[in-house]
Amino acid sequence: PPLRSLRMSSSLTFSTKFLIIKKIINRLIDTGRSISSIICCFSPYFPAGLILRFILHLHHTVRHYAVNACLLPICQLHGAAVTTVEGIGSTKTRIHPVQERIAKAHGSQCGFCTPGMVMSMYALLRNKPQPSMDDITQALAGNLCRCTGYRPIVDGCRTFCQEANCCQTNGGGDCCLDVKDETDEQDHEKPQLFNKDEFLPLDPTQELIFPPELILMAESSNLKTLTFYGERTSWVSPTSLDELVQLKSSNPKAPLVMGNTNVGPDIKFKGVLHPLIISPTRVVDFSCVPAGVWVGAGCNLSEVQSLLEKLAPQFPKEKTELFRALIRQLRNLGSQQIRNVASLGGNIMSAYPNSDLNPVLAAGNCKSSLNPPGGRREVHLNQDFFVSFGKTVLKPEEIIVSVFIPFTREGEFVGALRQAPRKEAAFATVTTGMRVFFSERSRVVQEVSIYYGGMGPTTVSAAKTCAAIVSKPWDDETLSRAYDVLLDELDLPPSAPGGKVEFRRSLTLSLLFKFNLEVLQKLREMVRQGTISVSILSKLCCPTFGVINRLHLLFHQHVSKDQSAHDPVGRPIMHRSAISQATGEAVYCDDIPKTDGELFMTVVTSARAHAKITSLDVSEALRLPGVVDVITAKDIPGKNVRTEFGYDEELLAESQVSCVGQMICAVVADTRVHAKRGAAAVKISYEDLPDPVFTAEDAIEKSSFFEPRRVIWRGNVTEAFKTVDQLHEGEIRLAGQEHFYMETQSMLVIPVGEETEFKVYASSQWPTLTQEAIAETLNIPSNRVTCHVKRIGGGFGGKVTKTPLLASVTAVAAQKTSRPVRFVLERGDDMLITGARHPVLGRYKVGFMKDGRIVAADIQYYSNAGHTIDESLMIVEKILLHMDNAYNIPNLHGRGAACRTNLPSNTSFRGFGVPQGIMIMENMINDVAVLLGRPIREINMYKGPSVTHYKMEFSPENMLRCWNECKVKSDFSNRRKAVDQFNQQNRWKKRGMAILPIKYGIAFAEGQFNQVSLVHIYKDGSVLVTHGGTEMGQGIHTKIQQVASRELHIPTSKIYISETSTNTVPNTCPTAASFGTDANGMAVKNACMTLYQRLEPIRQKDPKGSWESWIDAAYFEKISLSATGYHGGPDLYMDWDKMEGQPYAYFTYGTCCCEVELDCLTGDYRTVRTDLMVDIGRSVNPSVDIGQIEGAFMQGLGLYTLEELKFSPFGLLYTRGPSQYKIPAVCDTPLRFNVYLLPDSDNPHAIYSSKGIGEPIVFLGSSVFFAIKDAVAAARSDSGLVGPFSLDSPATPERACLACSSPFTKKIPVSKPGSFKPWALNI
Ligand SMILES: Cc1cc2nc3c(=O)[nH]c(=O)nc-3n(C[C@H](O)[C@H](O)[C@H](O)COP(=O)(O)OP(=O)(O)OC[C@H]3O[C@@H](n4cnc5c(N)ncnc54)[C@H](O)[C@@H]3O)c2cc1C
Ligand code: FES
């Protein structure tokens, strides 16, 4: 029926007993926001702590689905039971075993991802109480965590797995159970990070039941159409197919929303407005009704997968080739949370260019059944079906009711292959479905069908290639002709959208080659006359690593035998908030309840990289409902700039913009949605200015730098170059990296209402700077601004200097409107505005002797700072100070420049330039080793008492111990031989190994940074500690609690840390530089010692008294129970004129050995094994430190092999969300991941002899890069290519595959640079 005749609807019925949903509904009533946008606030775009339970009408069974909250429209919840993380357990009642195990296994650091992890695992256990490891990794595949490196999360979940065999296939032919323990320790003596025996048992009988009222409702025959009217959209949910067909034919433009995985993102990110949405999820005939192999188009993809998995074994193998190809593809499509909602019909109709299913459905001769008004018709899903981007032949009013998946015939083979930037939860770069049918018992092709995704605007058919194959024998000659035809047929212009042109074209060939090998294998089985070796085929056709089962060895020091059992220092204490994080009770900035009159802010950013602003028209925005004001530079009462190193950075651009994403104005409105609509209505005109600068090369050409440029040298490189045996020059480019903290930048500024006082709640790593910046912007003294930070959902350096800028604009809005203003960036805006890790271009010249000694090296570093200086100068300095890494190069010359470009301003990121800087040195060393044909690292290392190139004395003893121990623990030399042997036996799969050291300086070179703490003891004996460090997952509060516990001699349970705030501890330094515990721990120790000494007389009077009785007595004896502690930090400095100094308190050392296996045809790789030996002195908390080590390693792995920020030729960041920007997921963790802490290491410079560890290990992620490079070198040598070659970072599958220089990549013509405008810049 036409829309206007629809009945006004009944109410929405779903069942929940849980707090969070009440919160959501209350907010919904308050604000009129949609549920998806609200739940998204809890966990933007990621599976939030939410599962849905539906009763399946047909089978009367309850299914549990973990879903992505942000894709779930509230109207879709009708009839469902919604379970949130708060609902399954709470600290007030009883925590759920999943919550307990993830927390106690140390799987929660910042905790922002934890509810999602808990609920994905909970959903799995509800459907399958005894899951396999494969089930667990599949269930977690769609959840991202930026802190932990996943190992502890998987370890916690693994305790639910009952599998006897922990390692069925680990690729090397070995089972981990057979691997002998590399340590001498017996199992029972090994220190454990958690004790499984303490865990609550899982008792499925105690789980929540499905609400009976919903069962009754589902079983009722009296289903009614539901209609909901919103501000701009109406939602209709019919119950019968006839009604659905009628609705669609009268409203052809209305989308059918099934999983909402296509429509939802379009509404959210592209601003698409649908006045009417039709939701067919309640139409029974549309659901998963298998009729033979007719599958209902409304089936979600998980249902399709399990249906096919159930059917496949019931039929002869040759009949189910297509089923099995689809199962393979479905297992890798999106994530389980996506497959749980995305429908088969929706996938087909979305007609994505890189849909994984459509090429297979098309190649497999599938057809769809349509239901236009007045009858049914069938349409084949072939080249005529997929018309163009997002378009099919269907008329707007037509609906796919079901899809026919045919059986295959004897002699018919189907292949489904894909290559994606990340193995799981990533759209494919190229994906394909191929089918070949042979004449009876022969090699002659009777039918062939080849389709690709990722090679055009929609699924494309390689019809000419098929014509070149059909009626011919399937042999080398035919295939070789087919490759040539394919190359011509599937051409891509050099500037094709999506880029990766050469790679995509080569993948079309190599995927056909892989299919060929699969077919040959099957043919051989069929006609028993094969000619290719089984070993080659097995390495090619089957993934070498079937089941991902990891073995971990985690060794840390024991605490000494004489340490008191009550002293927690040195013990693996769980993160103090882990349980609250796992139950969803932990409060982040945006969880602070809405205050009276609160407004929401959104910023409007520049669309141009370099332009004058010619007009700014906010009138239309101001007219929109809910919009309260628009804030421009003119509204700033104080300074509109922050000045760093003599350079000004505007908060809001006034007359000119210098990058896309620069903030120009801000819209404040009553709700987030209204603020967004207001921002979209602001009109800005620009006049472009000439010659924007984007790359380091542009900056060099135009001499666009932030001054001063830094130089450092020792010896005389020019003279030394004349004396060496050989010279070599090289270059490597390292891309930037998005912080991708799970909690985006968030803040709330509340005007107190008198004397210009403001309370600020922010996710800031530097509350003091946030306070100062706001005071300066509002032109008020700092004592009117208090900044509070309870916890941060990940920071990694991205919330040091950027948060103060954003908070200042928020404060202007709060001051102007006299109302509280909340500003929580959406992921895309956060990525666009707040910058990233600096990309660095390194150029080097090296002189060395035949024995491998490097005599001289001259290295130039160009870091891409973006349009403002931020901390770029300090980052360049840190790069130069770490350029020597572990090597004593007598003549060393470093030059560093921060390039001023028209890109968003880059900022600090874990490692502060060191991960980029050292990489250039290591690449240079690698080149020399390749030229000489032997390893040269050891011969060049510092040995004995040593002096750095900036004249700082140090002992490299522990660095060398780490190196040697790592070689032993990793069994380096034997495995190296095994890798070489593997490479000789395999042409298309290669293994590579690398071992790398790090020497990382700890503390701020700026001497003024110091720390203060404040410790209060209350009359009841409870202790409140405040210090300057912010908790962002790194466990600083847990360690500080341990320090206070040791010093006050009381259990940690009596000690509480509420927040970090500028009114308790003033003038703090940022929580950064791996220095948080060093500095704050000492300040807290100092305060606690003062208090403990004050209590001494009381203790002496009553030695048998308790802590509480002493405190009580002290109170009556008027002893102050509050003390401040102070830690001035070491006297550090660096004199750049003299090029000497003592910029660090000490060094943290480590060594990492990695092995990878690379598929040379696609560039896909897997980290087989990682061994990390780290010197962190005497760890205050080994579980927290091991968590930092693993998390940093995985972040490094992302930096060097996976994460790519892509900019358009006009400087617009394309990669603004998790679907375009891939951080490591569970699938990327090494199959074996061994972490060892160097024993017997002391450090007199930090608290309790510990060492800072937050940052150093990021660099060691590059061992995966160098292992890939080693594997690529082996592949190149098979193609006759020897010597150093260029491989930029990240070594993505694209780069690795092209560097292998296979016969397929060699076929791809390379377009001349400059002859076309590339889709993306090479930053
Ligand atoms: C994070 C993420 C990752 C993903 N990864 C992958 C991947 O790796 N590989 C891959 O192939 N896909 C991937 N997808 C795409 C996903 O598979 C599709 O978006 C999904 O299948 C669409 O189904 P839906 O039910 O959600 O469609 P909806 O968004 O509900 O609808 C999409 C469109 O299809 C139309 N439609 C739906 N059903 C019918 C019908 N029966 N008849 C006629 N029209 C209909 C609607 O009108 C609408 O226009 C991913 C999506 C997301 C969000
Ligand atoms: S603990 Fe997973 S994102 Fe922080």
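Residues numbered from 1 in each chain as written. Chains lettered and ligands numbered in written order. Predicted model: local features only at pLDDT ≥ 70, side-chain atom pairs only at ≥ 80, totals over all residues. Heavy atoms only, no water.

Undergrad: So what about the environment of Met434? Which residues, and what values?
TA: Structurally, the position occupied by Met434 is in strand β14 (residues 430–438). For the pair formed by Met434 and Ile450, sequence separation is 16 residues and the distance between their alpha carbons is 4.5 Å. Excluding its chain neighbours within four sequence positions, the residues that come into contact with Met434 are Ala363, Phe413, Val414, Gly415, Ser449, Ile450, Tyr452, Leu511, Leu512 and Phe515. (Helix = DSSP H or I, 4+ residues; strand = E, 2+ residues; numbered from the N terminus. Contact = heavy atoms within 4.5 Å.)

Undergrad: Outline the nonpolar core, listing residues and values.
TA: Counting residues in hydrophobic clusters, the biggest one holds 114 residues, and the most contacted among them are Ile712, Met924, Leu1158, Leu1172, Phe1193, Ile1257 and Ile1268. Sorting elements by how many residues they give to this core places helix α29 (residues 914–932) first, with 10 residues. Among the nonpolar cores identified, the runner-up in size contains 94 residues, and Leu125, Ala139, Phe823 and Leu903 belong to it. (Core = buried A, V, L, I, M, F, W, Y, C linked by side-chain atoms within 4.5 Å. Buried < 20%, exposed > 50% of the residue type's maximum accessible area, 1.4 Å probe, protein only.)

Undergrad: Give a description of the site of ligand 1 that names residues and reports values.
TA: Within the structure, ligand 1 sits among 31 residues, and Leu256, Met258, Thr261, Ser343 and Asp356 are positioned closest to it. Within the backbone of Ala426, an N or O atom sits 3.5 Å from an oxygen atom of ligand 1. Protein contact buries 92% of the 990 Å² of open area that ligand 1 shows by itself. In terms of residues, the shell around ligand 1 owes the most to one element, helix α14 (residues 344–350), which gives 5 residues. Residue classes in the shell around ligand 1 are distributed as 17 nonpolar, 11 polar and 3 charged. (Near = heavy atom within 4 Å. Polar contact = N/O pair within 3.5 Å; in protein donor to acceptor, adjacent residues only side chain to side chain. Areas by Shrake-Rupley, 256 points an atom, 1.4 Å probe, with all protein chains shown as cover. Nonpolar A, V, L, I, M, F, W, Y, C, P; charged D, E, K, R; others polar.)

Undergrad: Describe the pattern of salt bridges, listing the residues and the values that go with them.
TA: Summed over all chains, the structure comprises 62 salt bridges. For Glu321, the salt bridge identified is with Lys522, shortest N-O distance 3.3 Å. Taken as a pair, Glu321 in helix α12 (residues 321–332) and Lys522 in helix α18 (residues 501–527) lie far apart in primary sequence, 201 residues in all. Overall, Glu321 belongs to the buried group, its relative accessible area being 8%. Owing to a relative accessible area of 21%, Lys522 belongs among the partly exposed residues under this scheme. Between Glu1140 and Lys951 there is a salt bridge; the shortest N-O distance is 4.0 Å. Linking Glu1140 in strand β44 (residues 1140–1142) with Lys951 in the loop between β35 (946–947) and β36 (953–954), this pair joins segments that are 189 residues apart in sequence. For Glu1140, a relative accessible area of 26% gives the class partly exposed. Several salt bridges converge on common partners, so that one network encompasses Arg975, Arg991, Glu1155, Glu1157, Arg1169 and Asp1171. (Salt bridge = Lys/Arg side-chain N within 4 Å of Asp/Glu carboxyl O.)

Undergrad: Give me the UniProt feature "binding site: substrate" (unreviewed entry) in the protein chain: which residues, what numbers.
TA: Here the UniProt feature "binding site: substrate" (unreviewed entry) sits at Phe912. Along the chain, the position of Phe912 falls in the loop between β34 (891–900) and α29. Overall, Phe912 belongs to the buried group, its relative accessible area being 15%. Other than its neighbours up to four places away in sequence, Phe912 contacts Glu871, Met874, Ile875, Lys878 and Glu1255. (UniProt positions renumbered as here; feature names shortened; annotations may be inferred.)

Undergrad: Requested: an account of the pairing of β14, with residues and values cited.
TA: Within β14, 9 of the 9 residues are buried, which leaves the element mostly enclosed by the surrounding structure. Side-chain alternation along β14 places Val430, Thr432, Met434, Val436 and Phe438 on one buried face and Thr431, Gly433, Arg435 and Phe437 on a second face that is also buried. Sheet topology note: the strand β13 (residues 412–419)/β14 ladder contains 8 bridges and is antiparallel. Bridged to Arg418 within β14 is Thr431. Where β14 and strand β15 (residues 445–453) come together, 8 bridges link them in antiparallel fashion. Bridge pairing links Thr432 to Tyr452 in β15. (Pairing = 2+ DSSP bridges.)

Undergrad: Any details on the pairing of strand β12 (residues 400–404)? Residues and values, ideally.
TA: Burial analysis of β12 places 4 of its 5 residues in the buried class, which makes it a mostly covered element. Bridge count for strand β7 (residues 294–296) against β12 is 3 bridges, and the pairing is antiparallel. Note that in β12 the partner of Val295 across the bridge is Val403. As judged from the 4 bridges shared by strand β8 (residues 367–370) and β12, these two strands associate in the antiparallel manner. Within the sheet, the bridge partner assigned to Leu370 lies in β12 and is Ile400.

Undergrad: Before we move on, could you go through the packing of helix α11 (residues 301–311) against α12 and cite the residues and values that matter?
TA: Two numbers describe how α11 lies on α12: the axes approach to 9 Å, and their chain directions differ by 140°. With respect to their mutual orientation, α11 and α12 come out oblique. Here α11 and α12 pass one another in a crossing that is left-handed. Residues Leu301, Val304, Gln305, Leu308, Glu309 and Leu311 of α11 lie in contact with α12, whose contacting residues are Phe323, Leu326, Ile327, Leu330 and Arg331. When the residues that make up the contact of α11 with α12 are grouped by side-chain class, the tally is 8 nonpolar, 1 polar and 2 charged. (Axes fitted to C-alpha atoms, helices over the stretch in contact; angles between N-to-C directions. Parallel < 35°, antiparallel > 145°, perpendicular 65-115°, else oblique. Left-handed = near helix turned anticlockwise from the far one by under 90°.)

Undergrad: Can you explain the sheet that holds β15? Please cite residues and give values.
TA: Pairing is antiparallel across the open sheet formed by 4 strands, whose spatial order is β13-β14-β15-β16. Only two strands of the sheet have a single partner each, and these edge strands are β13 and β16 (460–461).

Undergrad: Go over the packing of aromatic side chains with me, naming the residues and quoting the values.
TA: Summed over the entire model, instances satisfying the criterion amount to 26 aromatic pairs. Measuring from centroid to centroid gives 5.4 Å for Phe513 and Trp988, while their planes differ by 70°, and the two rings are edge-to-face. Remark: Trp988 occurs in the loop between α32 (972–985) and β37 (989–1002) and Phe513 occurs in helix α18; sequence separation between them is 475 residues. Exposure class is identical for Phe513 and Trp988. Each is buried. Centre to centre, the rings of Tyr1200 and Phe1259 are 6.5 Å apart; their planes meet at 85°, and the pair counts as edge-to-face. Taken together, the residues span a long stretch of sequence, with Tyr1200 in helix α37 (residues 1182–1201) and Phe1259 in the loop between β47 (1232–1237) and α38 (1262–1278) at a distance of 59 residues. Given the relative accessible area of 0%, Tyr1200 is considered buried. An aromatic cluster is built from Tyr942, Phe954, Tyr1144, Phe1147 and Tyr1149, whose rings are joined through pairwise contacts. Sitting over the face of the ring of Phe437, Arg409 holds its NZ or CZ atom 3.9 Å from the ring centroid. Note that Lys999 overlies the ring of Phe954, its terminal NZ or CZ placed 5.6 Å from the centroid. (Phe/Tyr/Trp six-rings, centres within 6.5 Å; stacked < 30°, edge-to-face > 60°. Lys NZ or Arg CZ within 6 Å of the ring centre and 35° of its normal.)

Undergrad: With reference to specific residues and values, describe the state of the cysteines.
TA: Within this structure, the stated rule accounts for 0 disulfides. Cys1154 forms no disulfide, and the closest cysteine sulfur to it belongs to Cys1152, at a distance of 4.1 Å. (Disulfide = S-S within 2.5 Å.)

Undergrad: Talk me through the packing of helix α6 (residues 133–140) against helix α7 (residues 151–158); I want residue IDs and the actual numbers.
TA: Geometry of a packed helix pair, given as the angle between the helix axes and the separation of the axes. It is at 10 Å that the axes of α6 and α7 come closest, and there the two elements cross at 135°. Taken together, the axes of α6 and α7 lie oblique to each other. The handedness of the crossing between α6 and α7 is right-handed. Seen from α6, the contacting residues are Met133, Ile136 and Leu140; seen from α7, they are Ile153, Val154, Cys157 and Arg158.

Undergrad: Tell me about the sheet that holds strand β6 (residues 276–278), and please be specific about residues and values.
TA: The 3 strands are arranged β4-β5-β6 in an open sheet whose pairing can be described as mixed. Only two strands of the sheet have a single partner each, and these edge strands are β4 (226–229) and β6. If you compare each strand with its neighbour and ignore which way they point, the axes differ by 15° on average.

Undergrad: Just give me the short version of helix α28 (residues 872–881), but keep the residues and values in it.
TA: Of all 10 residues that make up α28, 10 are buried, and the element is covered over most of its length. Within the sequence span of α28, burial applies to Ser872, Leu873, Met874, Ile875, Val876, Glu877, Lys878, Ile879, Leu880 and Leu881.

Undergrad: Tell me about unusual backbone geometry, and name the residues and values.
TA: The omega torsion of the bond from Glu707 to Pro708 falls at 0°, within 30 degrees of zero and hence cis. The residue Pro708 is located in strand β26 (residues 705–714) in this model. Of note, Ser471 is a non-glycine position whose phi angle comes to about 70°, a positive value. Of note, Ser471 is situated in the loop between α16 (463–469) and α17 (476–489).

Undergrad: So what about the side chain of Thr834? Which residues, and what values?
TA: One can find Thr834 in the loop between α27 (827–833) and β32 (840–848). Using a relative accessible area of 2% as the deciding quantity, one classes Thr834 as buried. Engagement of the side chain of Thr834 in a polar contact is seen with the side chain of Tyr741, the distance being 3.5 Å. A polar atom in the side chain of Thr834 sits 2.6 Å from the backbone oxygen of Asp830. Contact partners of Thr834, with chain neighbours within four places excluded, come to Tyr741, Gln745, Lys802, Leu806, Leu825, Asp829, Ser905 and Thr907.

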